[in-house]
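For reference, the chains in residue letters:
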Amino acid sequence: MLAVTLILSGFVKAVDPLGTQYKITDYLQAVHLGAYVPDFLTLGVSVLLSAFEFMIGLCLLFAIQRRLTSTIALLMMLVMTPLTLWLAIANPVHDCGCFGDAVVLTNWQSFWKNVVLLAAAVMVSRWPLMMVRFISKSNQWIVVNYSTIFILLVSGLALYDLPYFDFRPYHIGADLKKGWQRVLEGEDLPYADFFMQRMEDGEDITEQVLTQKGYVFLLVAPYLEQADDSQLDLINQVYEYAEDNQYPFYCLTASGERAIGRWHDQTGAEYPFCQSDDVVLKTIIRSNPGLLLLKDGVIIRKWSHNRLPDEYQLSEPLEQLEIGKMSENSMSRRTLYIFLWYILPLMMLTLADRLWAWSNWVRRRKYLRNIKLIKRKNNEKENRSRQLEDESEPARGSGVGQGTE
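Treat the numbers as computed from the prediction; the structure is a model and nothing was measured.

## So, the state of the cysteines
Item 1. Taken as a whole and judged by the stated rule, the model has one disulfide.
Item 2. Across the disulfide from Cys-96 sits Cys-98; the S-S distance is 2.2 Å. An S-S torsion of about -135 degrees defines the bridge between Cys-96 and Cys-98 as left-handed. With respect to burial, Cys-96 and Cys-98 carry one shared label: buried.
Item 3. The thiol of Cys-251 is not disulfide-bonded; the next cysteine sulfur, from Cys-274, is found 8.3 Å away.
Item 4. A residue is classified by how much of its surface remains accessible, and Cys-274, at 0% relative accessible area, is buried.

## Brief notes about the nonpolar core
Item 1. Among the nonpolar cores identified, the biggest contains 31 residues, and Phe-217, Phe-249, Tyr-271 and Leu-318 are the most heavily contacted of them.
Item 2. Breaking this core down by element, the ones donating at least two residues are β2 (215–221), α9 (232–244), β3 (249–253), α10 (257–267), β5 (290–295) and β6 (298–304).
Item 3. Broken down by element, the residue count for this core peaks at seven residues, all from α9.
Item 4. Other than its neighbours up to four places away in sequence, Phe-217 contacts Val-238, Tyr-241, Ala-242, Tyr-247, Pro-248, Phe-249, Tyr-250, Leu-291, Leu-292, Leu-293, Trp-303 and Leu-318.
Item 5. Counting 26 residues, the second-largest nonpolar core is a separate cluster that includes Phe-194, Leu-210, Cys-274 and Ile-299.

## A few points about the packing of helix α3 (residues 39–61) against helix α4 (residues 66–90)
Item 1. Running from N to C, α3 and α4 cross one another at 135 degrees; their axes reach a closest spacing of 9 Å. Considering the angle they form, α3 stands oblique to α4. α4 is crossed by α3, and the crossing has left-handed handedness. Each of Phe-52, Ile-56, Cys-59 and Leu-60 in α3 lies in contact with α4, whose residues at this interface are Thr-69, Ser-70, Ile-72, Ala-73 and Met-76.

## Thoughts on the pattern of salt bridges
Item 1. In this structure the tally under the stated criterion is ten salt bridges.
Item 2. We note a salt bridge from Asp-16 to Arg-286, for which the minimum N-O separation is 2.9 Å. Of this pair, Asp-16 sits in the loop between α1 (2–15) and α2 (17–30) while Arg-286 sits in the loop between α11 (278–284) and β5, and the two are 270 residues apart along the sequence.
Item 3. According to the relative accessible area criterion, Asp-16 is buried, its value standing at 10%.
Item 4. Relative accessible area serves as the criterion here: at 6%, Arg-286 is assigned to the buried category.
Item 5. In this structure, Glu-203 and Arg-198 form a salt bridge, with 2.3 Å as the shortest nitrogen-oxygen distance.

Thresholds, definitions, all that
- Residues numbered from 1 in each chain as written.
- Predicted model: local features only at pLDDT ≥ 70, side-chain atom pairs only at ≥ 80, totals over all residues.
- Heavy atoms only, no water.
- Disulfide = S-S within 2.5 Å.
- Buried < 20%, exposed > 50% of the residue type's maximum accessible area, 1.4 Å probe, protein only.
- Core = buried A, V, L, I, M, F, W, Y, C linked by side-chain atoms within 4.5 Å.
- Helix = DSSP H or I, 4+ residues; strand = E, 2+ residues; numbered from the N terminus.
- Contact = heavy atoms within 4.5 Å.
- Axes fitted to C-alpha atoms, helices over the stretch in contact; angles between N-to-C directions.
- Parallel < 35°, antiparallel > 145°, perpendicular 65-115°, else oblique.
- Left-handed = near helix turned anticlockwise from the far one by under 90°.
- Salt bridge = Lys/Arg side-chain N within 4 Å of Asp/Glu carboxyl O.

Laid out in structure tokens, this is it:
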């Protein structure tokens, strides 16, 4: 239970390192240290923390370095349990982010979860050698190295592109129009904080955009001051393509007029800008900037600034292109890829290792049985020879006596 929890917690953090970074920043701001820690440091801590948590859980599962791993797990829970108790009492952030956006727990739920895990960590550290090894010591380095590369690669791909799994409300396939209508009817949904206010005249065009028939491009840049400007030409090409085909194109940002003016001067942007909430924009897409494609109010595509579509992909109207259709890279397919590229190789390695260990055990048992059999035969020969000697000794003694007589 402890191992699986740590593995899942580390994996969902690694899948979305920017989300973990945002949560770490929330913690720092809660203790008034946010202004003193640079973003690159919080991002590095995010990646290393997720990898560390994942690897501790994996080492527990495979019983690798059992004494050391169990001690580290105990120390981790001794730190996290009081921390979540403080969160539950003071409530500086609304959730601890233990499982990212995959499973959102209240602060009190996180505390009681950690109490259970602390008890498990105490038991594991008390009797570490009772953990069953699934793989022999000679092959444990393969599991450790392969898993380390895997979890760091997951974080790296998420930073370069987008999170491999999207657990947020604004995932591909999310119907923003329906969600917005349900919010207007009084339901409490995450879409309640989403709005689009045009910078030109301050008009709220949220409903107009979400109920728009056909396609809409949304360029999302929470902070234009920090936005990556390496793909400005592609952004302008997408805007020109949208304009040529009469697709609405808006840029959503939380930056003020000065930052927008500076961005306009640097990029020559001619697309309209809309004001929105920065937290919502960072939730919509983990890229600054990032691009969304909506069709009838439904998110059908997402691109990071490193994967923007080019002129070759936008050669025809969207109605005739694969891009204009819902992405087929579903959650089940992505899970299958993880199984094929990570879980299945580990399972095969474990099976091969156990078969090898079993064959060694059979050979050793056969060898020991043969040794015992040889010893038994030798003992029987010795006993038989001794018996023959014992039987022959009285006869020899009797012959000597008669001759003397």
